[in-house]
Each structure stands twice: as C-alpha cells, then as structure tokens.
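Fold and contact review
Here is what each chain is made of, one letter per residue.
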There are 2 protein chains.
Amino acid sequence: MLTISQLAAYAGVTVRAVRHYHQIGLLPEPERDSSGYRRYGAAAAVSLIRIRILANAGVPLSQIGQMLEADAPTFAAAVADIDRQLSDEIARLEASRQQIAQLAAGDRLALPPQVIAYLDRLREIGASERVVAGERDGWILMAARWPDRVGDWMPGKIAQLDDPQVVRLYQILSGVFDSDAGDDARLEEAADLIAGLAEQAYASGEIDLGEVGQDDLPFDLLDALAVEADPRLQRLLDLVRERGWAGLARLERLPASPD
Amino acid sequence: MLTISQLAAYAGVTVRAVRHYHQIGLLPEPERDSSGYRRYGAAAAVSLIRIRILANAGVPLSQIGQMLEADAPTFAAAVADIDRQLSDEIARLEASRQQIAQLAAGDRLALPPQVIAYLDRLREIGASERVVAGERDGWILMAARWPDRVGDWMPGKIAQLDDPQVVRLYQILSGVFDSDAGDDARLEEAADLIAGLAEQAYASGEIDLGEVGQDDLPFDLLDALAVEADPRLQRLLDLVRERGWAGLARLERLPASPD
DNA sequence: GCTTGACCTTGACGCTGCGTCAACCCTCCA
DNA sequence: TGGAGGGTTGACGCAGCGTCAAGGTCAAGC
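Note that the structure is a prediction, hence the values are computed from the model and not measured.

All names here are of chain A. In the contact formed by helix α10 (residues 184-203) and helix α12 (residues 232-242), the axes pass within 9 Å of each other and the chain directions differ by 50°. Considering the angle they form, α10 stands oblique to α12. The chirality of how α10 crosses α12 is right-handed. Here D184, L187, E188, A190, A191 and I194 of α10 come into contact with α12, specifically with R232, R235, L236, L239 and V240. In terms of residue class, the contact of α10 with α12 is built from 7 nonpolar, no polar and 4 charged.

This part takes up the protein's contact with DNA strand C. Around DNA strand C there are 19 residues in total, and R16(A), T3(B), S5(B), R19(B) and R38(B) lie nearest to it. Backbone atoms, meaning sugar and phosphate, make up 73% of the atoms of DNA strand C lying within 4 Å of the protein. Separating a phosphate oxygen of DNA strand C from a side-chain N or O atom of T14(A) is a distance of 2.9 Å. Of all the elements in the fold, those that place two or more residues in the surface near DNA strand C are α2 (15-23) of chain A together with α1 (4-11) and α2 (15-23) of chain B. Top contributing element to the surface near DNA strand C by residue count: α2(A), with 4 residues.

Turning to the packing of aromatic side chains, a few remarks are in order. In this description, an aromatic ring pair is defined by two values, namely the gap between the centres and the angle between the planes. Going through the model one piece at a time under the given rule, you end up with 6 aromatic pairs over all chains. An angle of 65° between the planes, with centres 5.2 Å apart, marks the rings of W153(B) and F219(B) as edge-to-face. Taken as a pair, W153(B) in helix α8 (residues 150-160) and F219(B) in helix α11 (residues 217-229) lie far apart in primary sequence, 66 residues in all. On the accessibility criterion, W153(B) (11% relative accessible area) is buried. A relative accessible area of 6% places F219(B) in the buried class. Chaining the aromatic ring pairs together yields one cluster made of Y118(A), W139(A), W153(A) and F219(A).

A common way to express how large an interface is: the accessible area buried when the components associate. Contacts between the two partners involve 42 residues from chain B, matched on the other side by 42 residues from chain A. Where chain B abuts chain A, roughly 3,900 Å² becomes buried across the two surfaces, and 74% of that area is made up of carbon and sulfur atoms. When the buried surface of chain B facing chain A is broken down by residue, Y10(B), I100(B) and L103(B) rank first, second and third, together holding 18% of it. At the boundary of chain B with chain A, the tally comes to 2 salt bridges.

Before going further, it helps to examine the side chain of S174(A). Here S174(A) shows up in helix α9 (residues 164-178). What S174(A) contacts, discounting residues up to four positions off in sequence, is G126(A), A127(A), S128(A) and V131(A).

Right, let's talk about the nonpolar core for a bit. With 161 residues, the main nonpolar core has V18(A), L54(A), L122(A), L236(A), V18(B), L122(B) and L236(B) as its most contacted residues. Apart from residues lying up to four places away in sequence, L236(B) is in contact with L173(B), L187(B), A190(B), A191(B), I194(B) and L248(B).

Here we take up the packing of α1(B) against α2(B). All names here are of chain B. Here α1 crosses α2 at 100°, and the two axes come no closer than 8 Å. Judged by the angle between their axes, α1 and α2 are roughly perpendicular. Of α2, the residues touching α1 (which contributes I4, S5, L7 and A8) are V15, V18 and R19. Counted by class, the contact of α1 with α2 contains 5 nonpolar, 1 polar and 1 charged residues.

With that settled, consider the protein's contact with DNA strand D. Inspection of the region around DNA strand D gives 19 residues, with S5(A), R19(A), Y37(A), R16(B) and Y37(B) positioned closest. Put simply, 68% of the atoms of DNA strand D that lie within 4 Å of the protein are in sugar or phosphate. Between DNA strand D and the protein, one listed contact pairs a phosphate oxygen with a side-chain N or O atom of S35(B) at 3.3 Å. For DNA strand D, a phosphate oxygen lies 3.3 Å from a polar atom in the side chain of R52(B). Considering every element that reaches the surface near DNA strand D, the biggest residue donor is α2(B), with 4 residues.

Within the secondary structure, R19(B) sits in helix α2. Not counting chain neighbours up to four residues away, the residues in contact with R19(B) comprise I4(B) and R38(B).

For the rest of this paragraph, the subject is helix α3 (residues 42-56) of chain B. Residues and elements named next belong to chain B. Taking 1.5 Å per residue, 15 residues should reach 21 Å; α3 reaches 21 Å between its end C-alpha atoms and fits that length. Those residues of α3 not exposed but buried are A42, A44, A45, L48, I49, I51, I53, L54 and A55. Just downstream of α3, G58 is the residue with a positive phi angle, here 95°.

For the match of chain B to chain A, the screw axis carries a shift of 0.0 Å, the RMSD comes to 0.1 Å, and the turn is 180°. What the rotation and shift describe, once combined, is the action of a two-fold rotation axis. Taking C-alpha positions as reference, the residue of chain B nearest the rotation axis is I90(B), located at 2.9 Å. Of the interface residues in chain B, 100% have counterparts in chain A that sit at the interface too, so the contact is made through matching surfaces.

On to the side chain of D230(A), then. All names here are of chain A. Position of D230 relative to the elements: it lies in the loop between α11 (217-229) and α12. Residue D230 is classed as buried on the basis of its relative accessible area, which comes to 11%. Not counting residues within four places of it along the chain, the set of residues in contact with D230 comprises R130 and F177.

Our focus in this paragraph is the confidence of the model for chain A. Residue and element names in this part refer to chain A. Counting all residues, the mean pLDDT for chain A is 86, and 90% of those residues have values of 70 or more. Confidence, expressed as mean pLDDT per element, reaches its minimum in chain A at strand β2 (residues 252-253) with 60 and its maximum at α2 with 97. In the model, residues 209-214 has pLDDT below 50 throughout and makes 3 contacts with residues more than four positions away in sequence or in other chains. The low-confidence segment residues 255-259, where pLDDT is below 50, has 0 contacts with residues more than four positions distant or belonging to other chains.

Let us look at α9(A). Residues and elements named next belong to chain A. Taking 1.5 Å per residue, 15 residues should reach 21 Å; α9 reaches 21 Å between its end C-alpha atoms and fits that length. For α9, the secondary structure elements touched by its buried residues are α6 (113-124), α7 (129-145), α8 (150-160), α10 and α12. At the N-terminal boundary of α9, the capping side chain belongs to D163, with an oxygen 2.8 Å from the backbone nitrogen of Q165.

Rules and cut-offs
Residues numbered from 1 in each chain as written. Chains lettered and ligands numbered in written order. Predicted model: local features only at pLDDT ≥ 70, side-chain atom pairs only at ≥ 80, totals over all residues. Heavy atoms only, no water. Axes fitted to C-alpha atoms, helices over the stretch in contact; angles between N-to-C directions. Helix = DSSP H or I, 4+ residues; strand = E, 2+ residues; numbered from the N terminus. Parallel < 35°, antiparallel > 145°, perpendicular 65-115°, else oblique. Left-handed = near helix turned anticlockwise from the far one by under 90°. Contact = heavy atoms within 4.5 Å. Nonpolar A, V, L, I, M, F, W, Y, C, P; charged D, E, K, R; others polar. Near = heavy atom within 4 Å. Polar contact = N/O pair within 3.5 Å; in protein donor to acceptor, adjacent residues only side chain to side chain. Phe/Tyr/Trp six-rings, centres within 6.5 Å; stacked < 30°, edge-to-face > 60°. Buried < 20%, exposed > 50% of the residue type's maximum accessible area, 1.4 Å probe, protein only. Buried area = accessible area lost by both parts, 1.4 Å probe. Salt bridge = Lys/Arg side-chain N within 4 Å of Asp/Glu carboxyl O. Core = buried A, V, L, I, M, F, W, Y, C linked by side-chain atoms within 4.5 Å. Expected span 1.5 Å × (residues − 1). Least-squares fit on C-alpha atoms with pLDDT ≥ 70 in both. pLDDT = per-residue confidence, 0-100.

Below, the structure written as structure tokens:
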C-alpha cells in the first residue's frame, strides 16, 4: 500500500497535485488507514499516470475525467483531436521562434529574404539611407505582425521599382527627407507622381477598390508610422489627398468630393 | 490617432489585454482626449506588437518590460535563452504526442517496438495469453511513465528469454495463472527457479546491489500492479522472500535475517 | 432634438492548476 | 522522550486575461 507521497513519486507529480485531483473528483479518494492517512493501490498509480499524460498534452483537467470514462472509439477520436491541437501548437511555437529571431535581428539581418532584396533594390535605385531605414523599420513591423502575408506583398513592391516614375519618386523623397526644411515644390512633384501612378494602376485594374477594410490595416499603420517618423509626410499625404487619393503605402480613391 | 480598439486590432490583441498592459505598467498610458478616451500614436502599435511577440513566445509579462529596456547584447542573450526554452517546449510536445498515441493504442499496437518484440518472444516461448497480457499492461505503464528508459531495459529482458530456466519459469507461471486454484507446489518450483536465477545473476555480477533506491521505483510498481491483478503472486513473492530475495520484476538480496 | 448602437471608462469577480503557508496530528527512530 | 519527517484540512496567491456591471460619449438617422 502506498502513501500519497509514494504515489506521487510513482507518477512523477507533486502531492499537492494528487490532492487537487481528489478535490475536483478526477481521481477517486482512496480508503483511509486508522490514522486518517490515504492509502493507495498500484491501480491508482496507473490512473494517475494516465491523467498526467493527458494533462501534459494540454487537456484541461475538466475534460480528462470525461475522456477516461468514454468508450474506446470516443477516446480515440478525442486523442486524435488532441494530437491535432498539439501539432498546431508546435507550429505556433516554431513560428514564434522565427519571430523572436527577427526581433533580435533588430536592424541587422534575418529579415525575410524578400524584404532584404527589396531594401537592396531601393539602395540600387538611389534611395537615401534615411529612406531605406524608414522602409526597413516599417517592414520589420509588417513582418512581425503579418508574417505570412509579407511573401504576397513583396514581389509586387520589388516589381514597382522597375518603373522609372517610381524610381524618380524615391529620388525626390530622398532629396526632401535628407534636407531639413520643408520643400513644397518637390513634395508637389512627388504627389503628382503618386497620383499619376495611382491612376495608371487603377486604369490597368491593379487597384481593386472592392476589397477595402480588413486588408487596409497594415498599410494604414505603415502610413501612420511614417508620418510619426517625419511630419513632412503629413504634408505629402495632404497633397496626395488633394489629387483625389488617400494613402501612401497603398492607395485608395477618395469618394468624389465637391471640391 | 488611434482609439484603443483600433490599436488592439493593429496589434492583433484584445482591448482588455491592452488595458491590462497599462495596469501592470508594461505599456505606458497615452494621452487622453477631451472625453477621457485614450489616444494612441503608431509607435504604441509597434510597442504592442513587440510585446505580443515576446508574450506569444511564452515570456512572462513581468520580464517583457525589462527585456525591452535592456541594451542590444542583453536583449540578444535573453532571446537566445527564450529560443532554447521554445525548442525544449517543442520537444516536450513531440514527446507528448507519442505518449497520447500510446494511450490511445491501448491494447493494440504502437507500443515501443522493443516492447512488442519482447511480447512476441514471450508468446514464442509458450507464455499464455493471460501472462502476456499482464506483461503488456505493465509495460504500457512503464513506457508511459519512463519513456526514455524502456530502451535500456528491454534488450536485457529479451536476452533473458534465451535462458531455458527462464522459459521454464514462464511456462510454470502460465500454467498456474490459467487455472483457478492456488497451486502451491508449482509456485514453490517457480520460486526456486527465481532464486536460482538471482543467485546466478548475482554471481556473474549482473545484479548491482549498490544502486538501489531511485531506480527501484519502476519495478516496485510493476510488482505491486501484478499482485493487484492476481493475488496469488503475493504468495509467490513470499516464497521468493523465504529464499532470501525480494521482488519479481527485478531482484534484490534481502539483508540476512535470523531465519 | 432624440433615439440607437457602437464605442469608451473604471471596478470587480472568475477561471486554471496548482504552489505555498498555517496549524495541527501521526509515526518512527535514536 | 523528543524531534524529524511524514500526514491532514483550509485558505490565500499567482498569471493573464475574460467577462459582467454600471455608467459616459460619439456618429448617424429620424
């Protein structure tokens, strides 16, 4: 006959845990000896081990009781379900490892390779380090929050940089943001370019006006972040808005206004 | 400027979580607008996303604050540590998947292959289905509780079955436990065989009398379980004990008694 | 101007799975 | 005989929020 601490040792749990299982009715209370001590048989150890296996797998104690009472097929189905949850959880943790790696990478490497490629291309077309750094910070954020969507966005972004107008746009912006003063003439030119590009993209069907809402979250955030980094971008946003569009990172047509 | 629900949506958390982070000082309280509402900038979204990445990785909120304040090398070290914990946790979950699979397998397959081999070998040497079933239940328990030690035990167990005396022992036990009555003569013979085998093993140095204690847990449990399954084993244990040994699944020499 | 519904506010309790006292009783061994 | 090392119940504490409750606010439509 086992005492509670022996039982706990057999099953690899604490005495407190055993008493807790008694309290919630998961493990039946055994007989007591003359002095009121609980006395267990080996079968209790088996029950307890089964309980621990399920608990370790993340099954709530409240469900374990029902599971152990269920018939074989029901039990097997429940186990299959738990196995699925476990493999999901494993996938989540793997993803989490990647995310913290990106956090630690901070400003250096280990961003998704597509983002690195995009930033390199930006430098090639003559964007200033300041602008590249701004884009990098933005994309660190995007990669952190929407890791599985970055892969969808980047090819389009990289392809854009082949357009001479886009190249020109980044060069103007680099000029403006490397200097200290507001430079309205150049901002106007940039706004013209942006509006022109937006019209083009709209005409060719690239801008899908239907799908607004959910999907704008990331890009709205990018815009807001950019404006906080350099308030002159607010002016640019306003100029773009005057031309009938909204947004920087992704454009929307404004509802027609009585201008 | 963002409201709290917008901020929460950007970061993919609940409003309640954001307020909780304020309460514990993890996220600084922002300015309030005229009606007392919290108003956030985009930078808060970035902070919040960083917090969530760490929290998702399992870092306690109380540590996240310190981590985010730390300098780069300290932060990197902490991240490396978290990564290690994550990979440990993943390993744990993988092991857990195997264990629940064994639970579900119940009496059928999916025991560790070495145990299957052992049970097959038992049948070959003529052990009855009842004895095999008893061993199987015992080893299901062992494999569940001490998964990584079963591999050490089984080769020895399987090798034992090549000894004609061991074969004889299992045949006697099968005979006894398939019948209904107590059969003292055969139990005596079995006890003689066990004691003889133990003496042999002791003489050849296979039984290490030093290492008792911790390592006996599993085998004590096996014995207790066997006795609960068939009380006649208690008689066998007593007979073995009369011959100066203790245990069934693993033997110990008893301290010399004034018999 | 009024209602409605979707937000916002603070405060407080609830949940899981035990850890960790406290205050007391039992048993065993030197 | 006394002290160490078991056992007993009872109660509070912990993280990380979820979930009311009981209001104040904002935007839109009538």
